[in-house]
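# Coordinate analysis (summary)
Residue strings, one per chain:
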Protein chains: 4
Amino acid sequence: MIKFDNDYNHGAHPAILKALEDTNDNCYTGYGLDEWCEKAADDIHKLIKCPDAHVHFLVGGTQMNAIAMEAMLHAFQSVISADTGHIAVHESGAIENTGHKVHVMPSVDGKITAEQVRENASYYIENDLKEHMTQPRAVYLSYPTEFGTLYSKKELEDIAAVCKEYKLFLYIDGARMGYGLGSKDCDLTLADITELADAYYIGGTKCGALFGEAFVTTHPMIQENFRNYMKMNGALLAKGWLLGLQFHTLLEGGENSLYFTINAAAVKQAERIQAALREAGVEEYIKSQSNQVFIRAERKLVEALQKEYVIELDHWLDDDYALVRLCTSWSTDDKDVDRIIEVIKSC
Amino acid sequence: MIKFDNDYNHGAHPAILKALEDTNDNCYTGYGLDEWCEKAADDIHKLIKCPDAHVHFLVGGTQMNAIAMEAMLHAFQSVISADTGHIAVHESGAIENTGHKVHVMPSVDGKITAEQVRENASYYIENDLKEHMTQPRAVYLSYPTEFGTLYSKKELEDIAAVCKEYKLFLYIDGARMGYGLGSKDCDLTLADITELADAYYIGGTKCGALFGEAFVTTHPMIQENFRNYMKMNGALLAKGWLLGLQFHTLLEGGENSLYFTINAAAVKQAERIQAALREAGVEEYIKSQSNQVFIRAERKLVEALQKEYVIELDHWLDDDYALVRLCTSWSTDDKDVDRIIEVIKSC
Amino acid sequence: MIKFDNDYNHGAHPAILKALEDTNDNCYTGYGLDEWCEKAADDIHKLIKCPDAHVHFLVGGTQMNAIAMEAMLHAFQSVISADTGHIAVHESGAIENTGHKVHVMPSVDGKITAEQVRENASYYIENDLKEHMTQPRAVYLSYPTEFGTLYSKKELEDIAAVCKEYKLFLYIDGARMGYGLGSKDCDLTLADITELADAYYIGGTKCGALFGEAFVTTHPMIQENFRNYMKMNGALLAKGWLLGLQFHTLLEGGENSLYFTINAAAVKQAERIQAALREAGVEEYIKSQSNQVFIRAERKLVEALQKEYVIELDHWLDDDYALVRLCTSWSTDDKDVDRIIEVIKSC
Amino acid sequence: MIKFDNDYNHGAHPAILKALEDTNDNCYTGYGLDEWCEKAADDIHKLIKCPDAHVHFLVGGTQMNAIAMEAMLHAFQSVISADTGHIAVHESGAIENTGHKVHVMPSVDGKITAEQVRENASYYIENDLKEHMTQPRAVYLSYPTEFGTLYSKKELEDIAAVCKEYKLFLYIDGARMGYGLGSKDCDLTLADITELADAYYIGGTKCGALFGEAFVTTHPMIQENFRNYMKMNGALLAKGWLLGLQFHTLLEGGENSLYFTINAAAVKQAERIQAALREAGVEEYIKSQSNQVFIRAERKLVEALQKEYVIELDHWLDDDYALVRLCTSWSTDDKDVDRIIEVIKSC
């Protein structure tokens, strides 16, 4: 059964498997101190136009977020996040487990604003009782958000300015970075993101790799002992070259690399599905800007889709309509999309 | 300058100091294994009609709350609290520092409802993604609340029933317990609270003692290693008898003891102030039920009060009105209240 | 350059890569809830003759050890380990980071004895000041140890008996389990280990897999919420089937499976090297029982080896002799060993 | 029964109780922001000749040590301690509970050497695998040690020099500081200690106060957010003035203050007991330098002492001899000592 329920239901782009095979007879130094990690870091350095950034390769997003926060925050400090942020809802309390509070802000379409950050930060940091309160020291954003929406360059600049003013680290969860950068609504480059954020990651698991995420940080304090934090959290992969090799395969060639082309293609497929839905009069739940399409689907459509596909039925909004997520990915092909469009049209 | 800003600005009831003096030449076993702690535990056992409850004496409320949560919760578990709960706002992230998330609910007059607890608990505990989420395992209430209001017996029973249904520990922060029990609106006894809650504490610091809080728990799992949790958190006072002695002085005689009389008197004084305010047309911010009076005070009144008293000016609500808290305590006497009533009348 | 310095310097057994390729076009449910994880768990259930054991697949050993300890231990509890145990030296304080003390015992050849465990446990658990002390609740062993040695069945039974007596969980780090089971000195089966230990893992990363470790536990308390602990620690791999698929490839067929044959072959290669060294008069530092050979190597030999191989030079014992580790692995072939034997002979 | 088993079995010096009584009718600002804390900090500033040191008052030693370590150490960092150090044995894993490893060194008479610190620090900090290891960042000493012995100025200077070299914070647990400074073997002043250590505390609980310890730090990084760390750990006493008042009572007048006279007197009493023991041919277990006397006591002596006194019988060294601790304190008077000397002589 074809799965449109998420973007991590397939293995890897064939080029990744080929690279693994081509190098399988070689032997490498462990723990990320190998030539492939170096090459992949070089690829990233060129892409972000920042040769001094530190690059580390980790296995998954939850471990990445928790380690980044542990490296950024002192024990009494906290992080600001949208109420829909992954760290706020779907990481089983990983951030709190490292000892830190997540200050949750109401979000619109998965996004928070510079004004909200300012209000929250100033409330805590300028409070007479500040010694009785956690102190915000980081802002967590996701790009694209959990709802597939994008911060504009202007929005991100505004948030970054508030962060600077209140000495907050700006951290961006880029689990789906490829789909963000591949959107026609994206007015940011990775170089822009590097300039605005103190740390972020370029997602691999959902964007063509078998597994793996590339962490990038330009801030000396975060850079300093990051590998110790990784090891302490079981995130220093023994065969680190497996990660470097995958990211080199994806990112060699910069903005013309596999990473950019396959993920942009996935967004295009999402747009095709969206267009078909619009035509069929199905209501968008949130205006999609990347590879995730959220709709208010009538029961009939839900049932028709479920007959052929695995979809994410988030919950029934009322007796007749459900919130449904359809996800494309780098592995989605024309044929799959042609057929789902037919199903949509037939409802 | 007389302080009406809080209820911990005075030393101790004279009987406490006398007891300290009377015993100062004796020597005692340390760490709470002394005769006074035993006597005080006996006093409490009688009062709550539950001889099997475990009683421990700690120094302060923040350490109490954090230790109780550490003893109740596994690493991935969390606690539900009102957004105004002390653990949610004024403990510098103590609960998160022990690794646990605080699920914050909107409150009305400092209180949350059984229905809110059910909604939150069921959302997390029955969720398909429950393995990706913290799991609520405790509910934190304060009695009286941070706004001086009281849960009725019925409200508490309803919450306790939901807790039983969802296997949540019910924990009550009784920093101001004496003022709650001393209110004319209180329809609960300590015995009732013991029956409904799995653990709670009887506040001393704010209710007549020099310092100290008495923790009570009837749940075997919380009882089991509580002294280890206390020691690990630096809360096993070397001279533990100082705490036992104070609580014995306060609680000997049960409901006729000092603890009940001095704190009920404080609530009476708050009622007198409240009556004067009402007469003077000053608007209550929240209807006080214990020793804290919250008002919408006009600038003129604020200034008049500030000339003679230290008051808690929470913040200016607008150009003309401020949210002001006036606190009485066991140390408040008639003369002080007579005079503040005059000031109020003169505005 | 050929690497004899460790056993994680190669990719994966070709059968693993083939399996990844064969399934790359399929799509799967995430987070370990897929058919391959089920099949691999079945393989393990048969092998260990214990259908009720819970099986989980994780990415690496450090995360495995820390999560297991977090699931086993209450905040004030601790774990007993050899001073050479991986958790005691090479995990950047991962166990302490989860809040737990590691009680370190002096070891002989990487092993500790039942008597040592009894002494340590009884000292803490029966101490008058036990409430002032961490309380041991788990024993950490590695099989094989970090020095390639093996506990005999009798030794393990004795330790397990002490664990039962003092209510300690027995946990075995099996990062190199395949090389232990493949040793001619091994008098244990995985079924024996399952009976004796409360939890352990079957190492994949060092034993033929691309990456991954299989956790096995028979204890209800550890089983209960293990996936929450995994998620909270970023160890619930999104594409979990990648782990299940690898372990199914390795373990299908039980004791005749790939896992057993390729790792036993590696131990044979180590024996050949050992024999050559013995013949050449090189002193063993520790009598190897699996795939790691530790020698007191004269400078001349060190230099000869380093010319052709990457070896692990632990440190110089004196002016003339160094402690050197030579590791074989499932990827070591006859030719490599033939040649290193020649080098040894020539010194 | 008179207690010679420890130095925290009595209330407070009468001057402390008097001060509490004299101020009991006043009201004060909470959380250490009061006039008495200011006065006491001034007393300390003069005494240590360092007006820029930050001074905070806490309730007990275990909370002090854990908070100091939490403020000094990043998550992956650790602290070096003697194996007999209080943090290593008697705090129920408080340091590990905040996430940090305690590197334990063998001690002689409760002391470790600069050379040991250098060896340990250099091993970890200069290790090729340092990213896989906790990194020492602090040294914990006690003055006097848990065995009543004293570091000489030279020994402390040597340790401080190694700390500087390896960027380790030097922290001194001064639970019994008064007895150290009151010893005839002491060649240090508090001003010296302030110069050599980055942080330390002046013990009150065991040295004349009812309860309380005074933390002193000269290091900007430790100073920065210390009150947040205190609050987060439940160590910001609501009625903070109770602590300031006690320390002002003890320390007003500097080296001629109560603190110095009453504690020096206690050491004199210990010397008298020691002399009597020596005369009676009883073997010292460790040569006492302050208020604790450790002896190898024959059964007959043990029994004679136990008939009239509570003593600390640590354990039986063999069939006939026990390790016994006799403690004097500020509350020990001539009469008690006269009588115990008689008992000793009579054996």
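Quick caveat: nothing in here was measured; it's all calculated off a predicted structure. (Residues numbered from 1 in each chain as written. Chains lettered and ligands numbered in written order. Predicted model: local features only at pLDDT ≥ 70, side-chain atom pairs only at ≥ 80, totals over all residues. Heavy atoms only, no water.)

Okay, the overall build of chain A next. Along its length, chain A carries 15 helices and 13 strands. Computed over the C-alpha atoms, the radius of gyration of chain A is 20 Å, within 12% of the 20 Å expected from 2.2 N^0.38 for a compact globule of 347 residues. Once the C-alpha set of chain A is aligned to its principal axes, its extents read approximately 60 × 60 × 35 Å. Relative to all contacts within chain A whose residues are 6 or more apart in sequence, the contacts with residues 24 or more apart total 73%. Surface accessibility of chain A: about 12,300 Å² in total, with carbon and sulfur atoms responsible for 48%. The averaged location of the 53 negative side-chain charges in chain A is 2 Å from the averaged location of its 32 positive side-chain charges. (Helix = DSSP H or I, 4+ residues; strand = E, 2+ residues; numbered from the N terminus. Rg over C-alpha atoms; globule rule 2.2 N^0.38 Å. Contact = heavy atoms within 4.5 Å. Areas by Shrake-Rupley, 256 points an atom, 1.4 Å probe, with all protein chains shown as cover. Lys, Arg positive; Asp, Glu negative; His and termini not counted. Charge placed at Lys NZ, Arg CZ, Asp CG, Glu CD.)

Contacts between the two partners involve 45 residues from chain B and, on the opposite side, 45 residues from chain D. Summed over both partners, the interface of chain B with chain D buries about 3,700 Å², with 56% contributed by carbon and sulfur atoms. At the junction of chain B with chain D, the criterion picks out zero salt bridges. Seen at the junction of chain B and chain D, the total is 24 residue pairs in polar contact (both at pLDDT 80 or more). Breaking the side of chain B that touches chain D down by element, the ones donating at least two residues are β1 (2-3), α1 (14-22), α3 (61-72), α5 (94-97), α11 (226-232) and α12 (241-251) of chain B. When its residues are assigned to classes, the side of chain B that touches chain D shows 20 nonpolar, 18 polar and seven charged. (Buried area = accessible area lost by both parts, 1.4 Å probe. Salt bridge = Lys/Arg side-chain N within 4 Å of Asp/Glu carboxyl O. Polar contact = N/O pair within 3.5 Å; in protein donor to acceptor, adjacent residues only side chain to side chain. Nonpolar A, V, L, I, M, F, W, Y, C, P; charged D, E, K, R; others polar.)

On to the relation of the copies chain B and chain D. Structural alignment of chain B on chain D gives an RMSD of 0.0 Å, achieved by rotating through 180 degrees and translating 0.0 Å along the axis. Read as a symmetry element, the transformation amounts to a two-fold axis. Both copies present the same face, since 100% of the interface residues in chain B are matched by interface residues at the equivalent positions in chain D. (Least-squares fit on C-alpha atoms with pLDDT ≥ 70 in both.)

Now for the domain arrangement of chain A. One frequently used descriptor of interface size is the decrease in accessible area upon assembly of the parts. All names here are of chain A. According to the domain assignment, chain A contains domain 1 (2-7 + 259-346) and domain 2 (14-257). On the side of domain 2, 31 residues touch domain 1, which itself brings 20 residues to the contact. Overall, the association of domain 1 and domain 2 removes approximately 2,200 Å² of surface from exposure, summing both partners, and the carbon and sulfur fraction of that is 56%. Between K184 and E271 there is a salt bridge, with the nearest N and O atoms lying 3.7 Å from each other. (Domains from an automatic or database assignment.)

This part covers the relation of the copies chain C and chain A. Once turned by 180 degrees and shifted 0.0 Å along the axis, chain C lies on chain A with an RMSD of 0.0 Å. When the interface residues of chain C are mapped onto chain A, 100% of them again lie at the interface, so the same face is used by both copies.

Okay, the sheet that holds strand β13 (residues 321-327) of chain D next. Residue and element names in this part refer to chain D. One open sheet holds the four strands; their spatial order is β9-β10-β13-β12, and the pairing between them is antiparallel. If you trace the sheet from one side to the other, it starts and ends with β9 (283-286) and β12 (312-316), each paired once. Geometrically, the sheet is characterised by an average inter-axis angle of 35 degrees between neighbouring strands, direction not taken into account. Strand direction decides the pairing type here: β9 and strand β10 (residues 292-298), joined by three bridges, are antiparallel. Bridged to E284 within β10 is I295. (Pairing = 2+ DSSP bridges. Axes fitted to C-alpha atoms, helices over the stretch in contact; angles between N-to-C directions.)

Note that the residue after Y143 of chain C, namely P144 of chain C, is joined by a cis bond; omega there is -10 degrees. As for its position among the elements, P144 of chain C is in the loop between β5 (135-142) and α7 (153-165). Here the phi dihedral of S92 of chain A falls at roughly 50 degrees; this positive angle occurs in a residue that is not glycine. Among the structural elements, S92 of chain A can be located in the loop between α4 (86-89) and α5 (94-97). With phi around 60 degrees, Y31 of chain B is a residue other than glycine that occupies positive phi space.

With that out of the way, let us pick up the pattern of salt bridges. Scanning the entire structure with this criterion turns up 76 salt bridges over all chains. The partner of E115 of chain A in a salt bridge is R118 of chain A, and the shortest N-O contact between them spans 3.8 Å. Taken as a pair, E115 of chain A and R118 of chain A lie in helix α6 (residues 114-125) at a separation of three residues, close to a single helical turn. Classification of E115 of chain A by relative accessible area gives partly exposed; the value is 44%. In this structure, D318 of chain C and R296 of chain C form a salt bridge, with 3.5 Å as the shortest nitrogen-oxygen distance. (Buried < 20%, exposed > 50% of the residue type's maximum accessible area, 1.4 Å probe, protein only.)

Residues and elements named next belong to chain D. Pairing is mixed in the open sheet, where seven strands are placed in the order β2-β8-β7-β6-β5-β3-β4. The strands lining the two open edges of the sheet, one partner per strand, are β2 (54-58) and β4 (102-105). If you compare each strand with its neighbour and ignore which way they point, the axes differ by 25 degrees on average. For β2 and strand β8 (residues 213-217), the ladder comprises five bridges, and the chain directions are antiparallel. Residue pairing across strands places V55 opposite V216, the latter belonging to β8. Along the sheet face, helix α6 (residues 114-125) touches β3 (77-82), β4 and β5 (135-142) and points at about 160 degrees away from the line of β5.

Residues and elements named next belong to chain A. A contiguous patch of negative charge, built from E157, D185, D187 and E195, is present on the exposed surface. Turning to its location among the elements, D185 is positioned in the loop between α8 (177-181) and α9 (190-196). On the basis of relative accessibility, which here comes to 31%, the residue D185 falls in the partly exposed class. (Patch = residues over 30% accessible without salt bridge, like charges linked within 9 Å, V, L, I, M, F, W, Y side chains within 5 Å.)

What follows deals with the packing of helix α1 (residues 14-22) of chain A against helix α1 (residues 14-22) of chain C. Running from N to C, α1 of chain A and α1 of chain C point in directions that differ by 170 degrees, and their axes come no closer than 11 Å. Taken together, the axis directions place α1 of chain A and α1 of chain C in an arrangement best described as roughly antiparallel. Taken together, the residues of α1 of chain C that come into contact with α1 of chain A (itself represented by L17, L20 and E21 of chain A) are L17, L20 and E21 of chain C. Residues belonging to the contact of α1 of chain A with α1 of chain C are distributed by class as follows: four nonpolar, no polar and two charged. (Parallel < 35°, antiparallel > 145°, perpendicular 65-115°, else oblique.)

When the pLDDT values of chain A are averaged, the result is 97; 100% of them are 70 or greater. As a predicted assembly, this complex carries a pTM of 0.97 together with an ipTM value of 0.97. (pLDDT = per-residue confidence, 0-100.)

Residue and element names in this part refer to chain B. Its place among the elements puts I48 in helix α2 (residues 35-48). Judged by relative accessible area, which is 2%, I48 ranks as buried. Sequence separation of I48 and G254 is 206 residues, and the distance between their C-alpha atoms is 9.0 Å. Setting aside residues up to four positions removed in sequence, I48 forms contacts with A53, L190, A191, T194, Y200 and V216.

Attention now goes to the interface of chain C and chain A. The partner chain A presents 45 residues to the 45 residues of chain C that form the contact. Note on chain C versus chain A: buried area summed over both sides is about 3,700 Å², and carbon and sulfur give 56% of it. Considering only the side of chain C, the residues that lose the most area to chain A are Y8, N24 and K239 of chain C, jointly responsible for 17% of the buried surface there. Our count for the contact surface shared by chain C and chain A stands at zero salt bridges. There are 24 residue pairs in polar contact (both at pLDDT 80 or more) connecting chain C and chain A. Those elements that provide at least two residues to the side of chain C that touches chain A are β1 (2-3), α1, α3 (61-72), α5 (94-97), α11 (226-232) and α12 (241-251) of chain C. The element contributing the most residues to the side of chain C that touches chain A is α1 of chain C, with four residues. In the side of chain C that touches chain A, the residues fall into 20 nonpolar, 18 polar and seven charged.

Any two packed helices are characterised by how steeply their axes cross, that is the angle between the axes, and by the distance between the axes. Residues and elements named next belong to chain D. Direction vectors running N to C along helix α14 (residues 299-308) and helix α15 (residues 334-346) enclose 150 degrees, while the axes themselves pass 9 Å from each other. The angle between the axes of α14 and α15 places the two elements in the roughly antiparallel class. α14 and α15 meet at a crossing whose hand is right-handed. Contacts between α14 and α15 involve L301, A304, L305 and E308 on the former and, on the latter, R339, I340, V343 and I344. Class assignment of the residues belonging to the contact of α14 with α15 gives a composition of six nonpolar, no polar and two charged. (Left-handed = near helix turned anticlockwise from the far one by under 90°.)

This next bit is on the side chain of T98 of chain D. Relative to the elements of secondary structure, T98 of chain D occurs in the loop between α5 (94-97) and β4. Those residues in contact with T98 of chain D that lie beyond four places of it in its chain are A66 and E70 of chain D.

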